[in-house]
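As a plain string of letters, each chain reads:
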Amino acid sequence: MTTTSASPLSAGTPERARFTAVLRAEWTKFRTVRGWAIAPVIAALLCIVFAFLVANGTHTDFCTGAGNCKAGHPFVPTGPNGQAVADSYYTVGRQLTGDGTITTQVTSLTGVISTATTNVAPSQAQQTRPGLAAWAKAGILARPSTRQGSAYAAVMATGGHGDRFQYNYSHDNPGRPGPVSTSSPRWLRLTRTGDTLTGYDSTNGTTWTRIGAAHLSGLPVTVHVGLFVTSPVSFQTSASGSRTLATATFDHTIIDGHATPSAWHGQSVGARRQDFYPTLRAGSYQRADSSLVISGSGDIAPAVVQGLLGADTAASSLPFGLTVALIVIIVVATMFITTEYRRGLIRITFAAIPGRRRVLAAKAAVIGAVAFVTAAVAATVAISLGERILHANGAYVFPAGASTVVRIIAGSAALATVTAVAVLAVGTITRKSAAAVATGIVVFVLPSIIGSISSGGAVQWLYRLTPAAGLSVLQALPRSAQVDYPYTFANGYYPLAPWAGLGVLTAWAALALGIAAVVLRRRDA
């Protein structure tokens, strides 16, 4: 009796083992072709070189090579997590040692809006009209110090978003809805217990509702506590924004069972001429019997680029270099499949591996992994190098937290991966190198080039519907529901969130891959 051993790719081989064998075979093909193996290195180097050229072409005299900026350049505070923040307000308070509770009643919250836009000097923008910004804030604040960018927790009433408990600029908990008025006052309470700050609100000062709590690690024994008022830029009537000022009346303010003493003092935070955030004017306060009337302008929230001219970001030097690298990756991904068609080797591949879609999946995994590593390494070096050069050339780099930088690097790698897989599918469909490369560049690269040199509503749709939406992963400026701002492409914001934009690109890639799978099954024998 004669026996035969089964092939590693025979029907009796487990599916996982069969795919692993195909994957190993495709990886061997890739690494043994010298041009394919060298191309990813070239792509990474081109990305880094072009990032260097873009950064090196930016020269200003705002900052020194050490990163210290002149007094005339806007100062942007950096929050606890390294993010850029707005931190401008007026406060009346004192130091609190140990645990304690501060309670107050907000009996009114009104405001005015400048008739001039933020691009007019504050000294020329004093004419105002009545109006209250939706994110005008009045309440109780506690923080280690009044240094801009330091940690904080606050409970507040707002102009249009009801009561809130906010901390460390990006955390927001909603409380009781509705506006504040003399007929509908709002009671607020902030309690400190160790490193934990808890905010409450009430309509009668007797029955309290907990809004939220924050654990501020490393909070010192002595902190600054007090009442505060601030009011952000309004974009209701102008795309450039108008400065605003809010005024709140506080009554029945008690700290640890004692009424507010006259020793409490007022302080304007972040209202200097060189501060980043536009303010209408410095705040103030006055006593009216047992009440405190406080006015303030600014914001305590994540920063947006409004008012900051000449600001670069962590990803400023990356898009052009990444686009050049993508063109190289497109060529390699295309050749990875079309070469076998041109030389007739695809028949041998399909004869050895009957599962055609398994071959396509293995090729996609290999080229996707190569693209991922290439883009990740290139983006990491390009961002670090670009920032160093921008600083050395005197440019101001808008602060970005470590999580933002990691997201941009990971997003760049994912962008390259999905593009490579999509173009591999295009090559499978066309079977012609020139046609596939041209299609890949036109569909996956050209929209981003057009968008970078154009403006208007059409650009918004390019970055929403075409594969160019994937470039949203390079978004370095923050969006926040706590900031009313026109997040437009002209202001440095992609129309889609980073992962939503990548999702659009992935949908295009999935469509191409699906068509390629059908073509392989029906056409290629």
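These figures come from a predicted structure and were not determined experimentally.

Each value, and the rule that gives it
Sequence order as written defines residue numbering, which begins from 1 separately in each chain. Two thresholds apply to this predicted model, a pLDDT of at least 70 for residue-level local features and 80 or more for giving and counting side-chain atom pairs, whereas whole-chain, interface and lining totals are computed over all residues. The side-chain figures draw on all heavy atoms in the structure; neither hydrogens nor water molecules are used. Secondary structure is summarised from DSSP: a helix means a run of H or I of at least four residues, a strand means a run of E of at least two, and numbering begins at the N terminus for each. To estimate the expected span of a helix, count its residues, drop one, and scale the result by 1.5 Å. Per-residue accessibility, obtained with a 1.4 Å probe over protein chains only, is compared with the maximum for each type, and a residue is labelled buried under 20%, exposed over 50%, and partly exposed between these values. For Phe, Tyr and Trp, where Trp contributes only its six-membered ring, two rings pair if their centres lie within 6.5 Å, and the inter-plane angle classes them as stacked under 30 degrees, edge-to-face over 60, or tilted in between. When DSSP finds at least two bridges between two strands, those strands are taken to pair.

Caption draft 1: Spatial organisation of helix H10 (residues 498-522). Counted at 1.5 Å a residue, the expected span for H10 with its 25 residues is 36 Å, and the 37 Å between its end C-alpha atoms agrees. When H10 is considered as a whole, its buried residues turn out to be Pro498, Gly501, Leu502, Val504, Leu505, Ala509, Ala512, Ala516, Ala517, Val519 and Leu520.

Caption draft 2: Just the packing of aromatic side chains, in detail. For the coordinates displayed, the defined rule picks out 14 aromatic pairs. With a centroid separation of 6.3 Å and an interplanar angle of 35°, the aromatic rings of Tyr90 and Tyr285 are classed as tilted. Taken together, the residues Tyr90 in strand S2 (residues 89-97) and Tyr285 in strand S16 (residues 284-288) connect sequence positions 195 residues apart. Residue Tyr90 is classed as buried on the basis of its relative accessible area of 9%. A relative accessible area of 29% means that Tyr285 is categorised as partly exposed. Look at Phe165 and Tyr167: their rings are 6.0 Å apart centre to centre, the planes differ by 45°, and that puts the pair in the tilted class.

Caption draft 3: The pairing of strand S5 (residues 137-143), seen in detail. The element S5 is largely enclosed, with a buried count of seven among its seven residues. Judged from the six bridges that link them, S5 and strand S6 (residues 153-158) form a sheet pairing that is antiparallel. Across the sheet, Gly139 pairs through a bridge with Met156, a residue of S6. The sheet contact formed by S5 and strand S12 (residues 222-230) spans seven bridges and is antiparallel. In the sheet register, Ala142 faces S12, and the bridge partner there is Val225.

Everything listed is a geometric property; what it means functionally is a separate question.
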